[in-house]
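# Structural overview
Listed here are the chains, written in short residue letters.
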Amino acid sequence: MRILVTGGAGLIGSHLVDKLMEKEKSEVIVADNYFTGSKDNLKKRIGHPRFELIRHDISRPLFVEIDQIYHLACPASPIFYKYNSVKTIKTNVMGTLNMLGLAKRLRARILFTSTSEVYGDSLEHPQKETYWGNVNPIGVRSCYDEGKRMAETLMFDYHRQNGIEIRIARIFNTYGPRMNIDDGRVVSNFIAQAIRNEPLTVQLPGTQTRSFCYVLDLVDGLTQLMEGTDTGPINLGNPGEFTMNELAKAVQELINPEVQISEVENTPDDPRQRKPDITKAKEVLGWEPKVNLHEGIPLMEDDFRQRLGVPRT
Ligand code: NAD
Ligand code: UDP
Ligand code: UDP
């Protein structure tokens, strides 16, 4: 089995590669342009005879011979996906089109990592897969939200029109070791700030919620979805819901009780509440997350301390 992982140098992709490489007969090819990912995340794989790393921008066609595609390539942090919004759209739309063209030529199964952002500023809570979403089509987050929605449409149209075997995961906020320290997402910000003894920046109002999934749980969900029979979309996430005020307190308590918490301006269109309904993942895949936030934060802290060169005192 030869497996292509686009975006394999990123947070989720690199942990997925670790899991895929465990299977003795599988060969893994990563295609990544290193926009938000890093070769460092794959350093223990480079040089392995069953592993190949290609510098490639997925918005351009890619011709490789593979049996399965995990299509993850796309910046996930709002700071990075807003930085070059047109590029984010190209990555989602043209990138997914190219991967579907590749899947069609080779009759390969393709899994796409969509997002809870397809639900937008949700009017349903928690979010089920049947909810169609409340997304601003012209806002600063739209390049990502609408890009992912269009990519889901493409996946289903290639499935219906060309019989491509598709899998769609709607991933909710995921965190863990290897996250880019300057990624800009809330968990990595708070952990880096706590270690550096800088104030934790809670964006107002602080009562907005997210549900955070540990990366290894998420990766198990992705491989189970790929190997199962359901096309999805299936929500993958941890239903434990926290306000940003609560998250800041948890990080303070677990990492640095002395650290200050400061309130800062928020960005436009920030969803107010987010929590996955994972009934479908439980029923269809037999999947549910195992690591809760209070267990996951210290695992990420270890990794951040090592990379920042600040050991526990
Ligand atoms: P990440 O930013 O750590 O990884 C994304 C990877 O894609 C990086 O290695 C980056 O260099 C690569 N990439 C970006 N644009 C590319 C392009 N045009 N061509 C080739 N490579 C490109 O993000 P992540 O958290 O690992 O997310 C992986 C996937 O999961 C993304 O599709 C993201 O939208 C989705 N997702 C993640 C979360 C989350 O909370 N982590 C939530 C929902 C969805
Ligand atoms: N494509 C690719 N690799 C392949 C096959 C196709 O990147 O192995 C790209 C191809 O360049 C095209 C896209 O996938 O831009 C869609 O391919 P498809 O065959 O569906 O459409 P067409 O080539 O007819 O536009
Ligand atoms: N946030 C925060 N402080 C930060 C970064 C983010 O309070 O330093 C908040 C942000 O306003 C949002 C939540 O954390 O409500 C999650 O933001 P993130 O960028 O991590 O991911 P999103 O779910 O918005 O894609």
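So, here is what we can say about the structure in this document. Given the structure is predicted, the values throughout are model-derived calculations rather than measurements.

What follows is about the environment of W287. Its place among the elements puts W287 in the loop between α8 (279-285) and α9 (293-308). Residue classification places W287 among the buried positions, given that 22 C-beta atoms sit within 10 Å. Taking the C-alpha atoms as reference points, W287 and G221, 66 residues apart in sequence, are found 6.2 Å from one another. Apart from residues no more than four positions distant in its own chain, W287 is found in contact with D220, G221, Q224, A281 and K282.

In terms of nonpolar packing, the biggest core is built from 74 residues, with V5, I69, I110, F190, I191 and V251 touching the most fellow members. For this core, the element with the most residues is helix α5 (residues 186-196), which contributes 7 residues. Built from parts of two domains, this core gets at least three residues from each of domain 1 (2-173 + 214-236) and domain 2 (175-210 + 240-274 + 290-308). In contact with V251, other than residues within four places in its own chain, are F190, I191, A194, L200 and I297. If you look at the next biggest cluster of nonpolar residues, it comprises 5 residues, including F80, Y81, I89 and C143.

Each value, and the rule that gives it
Residues numbered from 1 in each chain as written. Chains lettered and ligands numbered in written order. Predicted model: local features only at pLDDT ≥ 70, side-chain atom pairs only at ≥ 80, totals over all residues. Helix = DSSP H or I, 4+ residues; strand = E, 2+ residues; numbered from the N terminus. Buried ≥ 20, exposed ≤ 12 C-beta atoms within 10 Å, placed from the backbone. Contact = placed C-beta atoms within 7 Å. Core = buried A, V, L, I, M, F, W, Y, C linked by C-beta atoms within 7 Å. Domains from an automatic or database assignment.

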